[in-house]
Amino acid sequence: MEVECITLDGNKRLFQSERLILRPAVYGIIVDQGKLLLLRMRETGKFHLPGGGIHIGERIAETLRRELWEEAGIEIDVVRFANFEEVFFYYDPSDRAYHGLHFYYICTP
């Protein structure tokens, strides 16, 4: 069976479902002094929320703190759950496709 995945440039590509990698991930929504923290992706120049994959055995709050430190160099407090999204995406540079389970949390610096 083929699954439609979104690519880095926003196009769609069919990918064999048995080749999908399950990837739970968490992202921080951080607003400080009326400004939303976004990061720019090197490959595309597009902006995205900071965050990333949850390691096995790692709690969501730990993942958020680790990712925000790695990507933005800031320490955060996790305030509350905001949203969940299921997404199928194709990561062009590695020729891999993911079944993403994305959790979004409101955080403060």
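Note that this is a predicted model, so its numbers are computed, not measured.

Quick look at the overall build of the chain
For step 1, the next point in the chain: Secondary structure summary: the chain contains 1 helix and 9 strands in total.
For step 2, the next point in the chain: Starting at the N terminus, the α and β elements of the chain follow one another as β-β-β-β-β-β-β-α-β-β.
For step 3, the next point in the chain: For 109 residues, the compact-globule estimate of 2.2 N^0.38 gives 13 Å, and the C-alpha radius of gyration of the chain, at 15 Å, lies within 12% of that figure.
For step 4, the next point in the chain: Principal axes of the C-alpha set define a box for the chain whose edges measure 45 × 30 × 20 Å.
For step 5, the next point in the chain: Expressed as a percentage of its 109 residues, the buried residues of the chain come to 32%.
For step 6, the next point in the chain: Across the chain, contacts joining residues at least 24 apart in sequence account for 55% of those joining residues at least 6 apart.
For step 7, the next point in the chain: When the accessible area of the chain is evaluated, it comes to approximately 7,100 Å², of which 52% is carbon and sulfur surface.
For step 8, the next point in the chain: Each charge sign in the chain was given a centre, from 13 positive and 17 negative side chains, and these centres are 2 Å apart.

Quick notes on the pattern of salt bridges
Once their charged atoms are close, side chains differing in charge can pair, the charge on each being opposite to the other.
For step 1, the next point in the chain: As enumerated under the stated definition, the model contains 6 salt bridges in all.
For step 2, the next point in the chain: Across the pair Lys12 and Glu4 runs a salt bridge, and its minimum N-O distance is 3.8 Å.
For step 3, the next point in the chain: One salt bridge connects Arg66 with Glu67, and the closest N-O pair in it is separated by 3.0 Å.
For step 4, the next point in the chain: A relative accessible area of 8% places Glu67 in the buried class.
For step 5, the next point in the chain: Put simply, Glu58, Arg66, Glu67 and Glu70 are held in one network by salt bridges that share partners.

Regarding the environment of Gln16
For step 1, the next point in the chain: Locating Gln16 in the fold gives a position in strand β2 (residues 12-16).
For step 2, the next point in the chain: The exposure class assigned to Gln16 is partly exposed, which follows from its relative accessible area of 29%.
For step 3, the next point in the chain: Considering only alpha carbons, one finds Gln16 and Thr44, 28 residues apart in sequence, at a separation of 24 Å.
For step 4, the next point in the chain: The residues contacting Gln16, other than those within four sequence positions of it, are Met1 and Glu2.
For step 5, the next point in the chain: For Gln16, the side chain forms a polar contact with the side chain of Glu2, separated by 3.3 Å.

Regarding the packing of aromatic side chains
For step 1, the next point in the chain: If you walk through the whole model with that rule in mind, you get 5 aromatic pairs.
For step 2, the next point in the chain: Measuring from ring centre to ring centre gives 5.5 Å for Phe81 and Tyr105, while their planes differ by 75°; the resulting arrangement is edge-to-face. Placement of Phe81 in strand β8 (residues 77-91) and of Tyr105 in strand β9 (residues 96-108) is noted, with a sequence separation of 24 residues between them.
For step 3, the next point in the chain: If you follow Arg13 out to its NZ or CZ, it ends over the ring of Tyr90, 4.3 Å from the centre.

Regarding the nonpolar core
For step 1, the next point in the chain: Judged by nonpolar contacts, Val26, Ile30, Ile54, Leu64, Leu68, Ile76, Tyr105 and Cys107 together constitute the single largest core of 8 residues.
For step 2, the next point in the chain: At the level of elements, β3 (21-32), α1 (60-72) and β9 are the ones that each hand at least two residues to this core.
For step 3, the next point in the chain: Non-local contacts of Leu64, meaning those with residues more than four positions away in its chain, are made with Val26, Tyr27, Gly28, Ile76, Val78, Tyr105 and Cys107.
For step 4, the next point in the chain: Residues Cys5, Phe15, Leu20 and Tyr90 belong to the second largest nonpolar core, which totals 6 residues.

Parameters and conventions
- Residues numbered from 1 in each chain as written.
- Predicted model: local features only at pLDDT ≥ 70, side-chain atom pairs only at ≥ 80, totals over all residues.
- Heavy atoms only, no water.
- Helix = DSSP H or I, 4+ residues; strand = E, 2+ residues; numbered from the N terminus.
- Rg over C-alpha atoms; globule rule 2.2 N^0.38 Å.
- Buried < 20%, exposed > 50% of the residue type's maximum accessible area, 1.4 Å probe, protein only.
- Contact = heavy atoms within 4.5 Å.
- Areas by Shrake-Rupley, 256 points an atom, 1.4 Å probe, with all protein chains shown as cover.
- Lys, Arg positive; Asp, Glu negative; His and termini not counted.
- Charge placed at Lys NZ, Arg CZ, Asp CG, Glu CD.
- Salt bridge = Lys/Arg side-chain N within 4 Å of Asp/Glu carboxyl O.
- Polar contact = N/O pair within 3.5 Å; in protein donor to acceptor, adjacent residues only side chain to side chain.
- Phe/Tyr/Trp six-rings, centres within 6.5 Å; stacked < 30°, edge-to-face > 60°.
- Lys NZ or Arg CZ within 6 Å of the ring centre and 35° of its normal.
- Core = buried A, V, L, I, M, F, W, Y, C linked by side-chain atoms within 4.5 Å.

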